[in-house]
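Remarks on the overall topology
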Amino acid sequence: MPPQRAKSAFMYYQSDHLAEIKRSMGGSMGEAMTALSAQWKSLTAAQKRPYLEREQADRERYNRECAEADAAAYKAQQERLAMNSMPDEGEDIRASSRGARGRVDAERAEREAYERQRKKE
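Here the structure is a predicted model, which means the values were calculated and not measured.

The next point concerns the overall build of the chain. Of regular secondary structure, the chain possesses 4 helices and 0 strands. Start at the N end of the chain and walk to the C end: the helices and strands fall as α-α-α-α. The buried share of the chain, reckoned over its 121 residues, is 17%. Counted over contacts in the chain with a minimum sequence separation of 6, partners at least 24 positions apart contribute 50%.

Next comes the structure, spelled out in structure tokens:
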């Protein structure tokens, strides 16, 4: 599952203030968002700082989780490639653990050995 995207500073401001603006205005969501946007634009840099810090921390989390997800996906891809790669020269495909043919042959050999053992008893 991919990581949840990072929130912007405005999204943090919105989550903190939207409910009170809607309550005070009593209007529609569109009107509340317009008022919220106007308030955000009128904030000073010092007033925006806590939201910008939260945005930066969330961006770092998102980048870290993306790097972890990419590493896991790359590892899984490499494992699939190794599993499905062509055999080396001189390697017996049937003796290999790669591919469906090898698994089917191994399962058949196990069943036959089990049946021979059972018949002996």
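Considering all chains together, one arrives at 5 salt bridges under this definition. Glu-55 is the salt-bridge partner of Arg-59, the closest N and O atoms lying 2.8 Å from each other. Taken together, the residues Arg-59 and Glu-55, both in helix H3 (residues 45–84) and 4 residues apart, mark about one turn of the helix. In this structure Arg-59 comes out as partly exposed when scored by relative accessible area, which is 37%. Assessed through its relative accessible area of 15%, Glu-55 is described here as buried. Notably, a salt bridge pairs Arg-118 with Glu-115, separated by 3.7 Å at the nearest N-O pair. Here Arg-118 and its partner Glu-115 are both found in helix H4 (residues 99–120), 3 residues apart, which amounts to about one turn of the helix.

Contact pair helix H1 (residues 9–25) / helix H2 (residues 29–42): the axes reach a minimum separation of 9 Å and the direction vectors enclose 125°. Viewed along their axes, H1 and H2 adopt a mutual orientation that is oblique. Between H1 and H2 lies a crossing of right-handed hand. Contacts from Ala-9, Phe-10, Tyr-13, Gln-14, His-17, Leu-18, Ile-21, Lys-22 and Met-25 in H1 reach Met-29, Glu-31, Ala-32, Met-33, Ala-35, Leu-36, Ser-37, Gln-39 and Trp-40 in H2.

The subject of this paragraph is the packing of aromatic side chains. A complete count under the given rule lists 4 aromatic pairs for this structure. Seen from their ring centres, Phe-10 and Trp-40 are 5.9 Å apart, and the 70° between their planes marks the pair as edge-to-face. One end of the pair, Phe-10, is in helix H1; the other, Trp-40, is in helix H2, with 30 residues separating them in the sequence. For Trp-40, a relative accessible area of 13% translates into the label buried. A centroid spacing of 5.3 Å and a plane angle of 50° characterise the contact between Tyr-13 and Trp-40, whose relative ring orientation is tilted. Here Tyr-13, found in helix H1, pairs with Trp-40, found in helix H2; they are 27 residues apart in sequence, far enough to count as distant. Both residues of the pair, Tyr-13 and Trp-40, count as buried. An aromatic cluster of three or more residues is present, and its members are Phe-10, Tyr-13, Trp-40 and Tyr-51.

Let's shift gears to the nonpolar core. Ala-9, Tyr-12, Tyr-13, Leu-18, Ile-21, Ala-32, Leu-36, Trp-40, Leu-43 and Tyr-51 together form the largest nonpolar core, which totals 10 residues. Secondary structure elements with two or more residues in this core: H1 and H2. Per-element tally for this core: the top contributor is H1, with 5 residues.

Conventions used here
- Residues numbered from 1 in each chain as written.
- Predicted model: local features only at pLDDT ≥ 70, side-chain atom pairs only at ≥ 80, totals over all residues.
- Heavy atoms only, no water.
- Helix = DSSP H or I, 4+ residues; strand = E, 2+ residues; numbered from the N terminus.
- Buried < 20%, exposed > 50% of the residue type's maximum accessible area, 1.4 Å probe, protein only.
- Contact = heavy atoms within 4.5 Å.
- Salt bridge = Lys/Arg side-chain N within 4 Å of Asp/Glu carboxyl O.
- Axes fitted to C-alpha atoms, helices over the stretch in contact; angles between N-to-C directions.
- Parallel < 35°, antiparallel > 145°, perpendicular 65-115°, else oblique.
- Left-handed = near helix turned anticlockwise from the far one by under 90°.
- Phe/Tyr/Trp six-rings, centres within 6.5 Å; stacked < 30°, edge-to-face > 60°.
- Core = buried A, V, L, I, M, F, W, Y, C linked by side-chain atoms within 4.5 Å.

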